[in-house]
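# What the coordinates show
If you want the building blocks of each chain, they are given just below.
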Amino acid sequence: SYEVAKQVRDNPELEEPPAAKAIKSYHDNHQFVLEQKVEIMVEKFREISLNKMNGKAKAMVVSPSRAHAVRYFFLVRDYCIKKGYTDVRPMVAFSGSVKYKGEEYTETKLNSTPTRKISEIRLPIYFSSDLFNVLIVADKYQTGFEEPILHTMFVDKKLKGVKAVQTLSRLNRSQKGKEDTYVFDFVNSAEDIQKSFSPFYEDTLLDSAADLNLVYLFKNDIDQ
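Let me begin by describing the structure that accompanies this report.

Rules of the game
Residues numbered from 1 in each chain as written. Predicted model: local features only at pLDDT ≥ 70, side-chain atom pairs only at ≥ 80, totals over all residues. Heavy atoms only, no water. Phe/Tyr/Trp six-rings, centres within 6.5 Å; stacked < 30°, edge-to-face > 60°. Helix = DSSP H or I, 4+ residues; strand = E, 2+ residues; numbered from the N terminus. Buried < 20%, exposed > 50% of the residue type's maximum accessible area, 1.4 Å probe, protein only. 1 Å grid on protein atoms, 1.4 Å probe; cavity = no way out; pocket = protein on both sides within 12 Å on 5 of 7 lines; lining within 4 Å. Points joined across faces, edges and corners; volume = space filled by probe spheres on them. Nonpolar A, V, L, I, M, F, W, Y, C, P; charged D, E, K, R; others polar. Salt bridge = Lys/Arg side-chain N within 4 Å of Asp/Glu carboxyl O. Pairing = 2+ DSSP bridges. Axes fitted to C-alpha atoms, helices over the stretch in contact; angles between N-to-C directions. Left-handed = near helix turned anticlockwise from the far one by under 90°. Contact = heavy atoms within 4.5 Å.

### A short note on the packing of aromatic side chains
Within the structure shown, the criterion is met by eight aromatic pairs. Consider the rings of Phe74 and Tyr100, whose centres lie 5.2 Å apart with planes at 15 degrees: the pair is stacked. Placement of the pair is Phe74 in helix α3 (residues 66-83) and Tyr100 in strand β3 (residues 97-100), with a sequence separation of 26 residues. Across this residue pair, the class does not change: Phe74 and Tyr100 are buried. Put simply, the rings of Phe73, Phe74, Tyr100 and Tyr105 pair up and form one aromatic cluster.

### Concerning the layout of surface pockets
Taken as a whole, the second largest pocket holds about 170 Å³ of empty space. The set of elements that each furnish at least two residues to the lining of the second largest pocket consists of α2 (31-47) and α3. Partitioning the lining of the second largest pocket into residue classes produces three nonpolar, one polar and four charged.

### Here we look at unusual backbone geometry
It is generally the case that most residues other than glycine have a negative phi and that most peptide bonds are trans. Positive phi outside glycine occurs at Asn54, with the angle close to 55 degrees. Locating Asn54 in the fold gives a position in the loop between α2 and β1 (58-62). The backbone phi angle of Tyr141 is positive, close to 65 degrees, even though this residue is not glycine. Tracing the chain through its elements places Tyr141 in the loop between β5 (134-137) and β6 (150-155).

### A closer look at the pattern of salt bridges
Tallied over the entire structure, the rule returns 14 salt bridges. A salt bridge links Asp192 to Lys158, with the shortest nitrogen-to-oxygen separation between them at 3.3 Å. Remark: Lys158 occurs in the loop between β6 and α6 (161-168) and Asp192 occurs in helix α7 (residues 190-202); sequence separation between them is 34 residues. The partly exposed category is assigned to Asp192, whose relative accessible area is 28%. You can call Lys158 exposed: its relative accessible area is 53%. For Lys219, the salt bridge is made with Asp223, and the minimal N-O distance between the two is 3.0 Å. Within this pair, Lys219 and its partner Asp223 are both found in helix α8 (residues 212-223), separated by four residues, close to a single helical turn. The class of Asp223 is exposed, set by a relative accessible area of 54%. A network of salt bridges, in which partner residues are shared, links Glu107, Glu120 and Lys140.

### Examining the sheet that holds β1
Backbone hydrogen bonds hold the strands of a sheet together, and the pairing may be parallel or antiparallel. Strand order in the open sheet formed by five strands is β2-β5-β1-β6-β7, and the pairing between neighbours is parallel. Looking at which strands have only one partner, the edges of the open sheet turn out to be β2 (90-93) and β7 (182-185). For this sheet the average axis-to-axis angle between neighbouring strands, irrespective of direction, equals 20 degrees. As judged from the four bridges shared by β1 and β5, these two strands associate in the parallel manner. Bridge pairing links Met60 to Leu135 in β5.

### Observations regarding the packing of α2 against α3
Relative to each other, α2 and α3 sit at 65 degrees, their axes nearing to 9 Å. Considering the relative orientation of α2 and α3, their crossing is right-handed. Of the residues in α3, those touching α2 at Gln31, Leu34, Glu35, Lys37, Val38, Glu39, Met41, Val42 and Glu43 are His68, Arg71, Tyr72, Leu75, Val76, Tyr79, Cys80 and Lys83. The residue makeup of the contact of α2 with α3, split by class, is nine nonpolar, two polar and six charged.

Structural data, given as structure tokens:
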């Protein structure tokens, strides 16, 4: 953690928001910080997620930028090679191209099997197969993505309002053997997420206790 103190008397020209923003940017992009996050994500995925749904559970990493998504892809891959892990198989999803260490990368260039490159349109098909189990995204697949065996989400992006609800709701698709979900959030507080969800719950509260007779009546109508 870090804190920027503004000493107005000593330096009245110091602008606190830009200074804090610069330090935050340095912190969030520092290689050591990213490596520590990758270690947490990989180890938590192996400890928790791979013990769910008969080992079929999958995870999504929500990155703050396309550059982060590419770096996370390489860092996850390199960390697993160093550790000798073969059960963590990442894909990456982002638009356009990103330059990393002097080379230009696209989503299709990074996602591949031993025999072929995977096009953007076919990524969901391959992700739902046994070939991959971690999807690292940057402004893609946070809405409208339907993958029932998506169980875990690592959030490294500020989320609020309907965006938070849409993103986290990628996990709530039912599937046989899916008994829970798991979210590890590096950025957002529990209070912020609760605030984002609260309007949707407040609007659907019942004004009075439910009549059980009506419940059975509706059930009979549905059965018929």
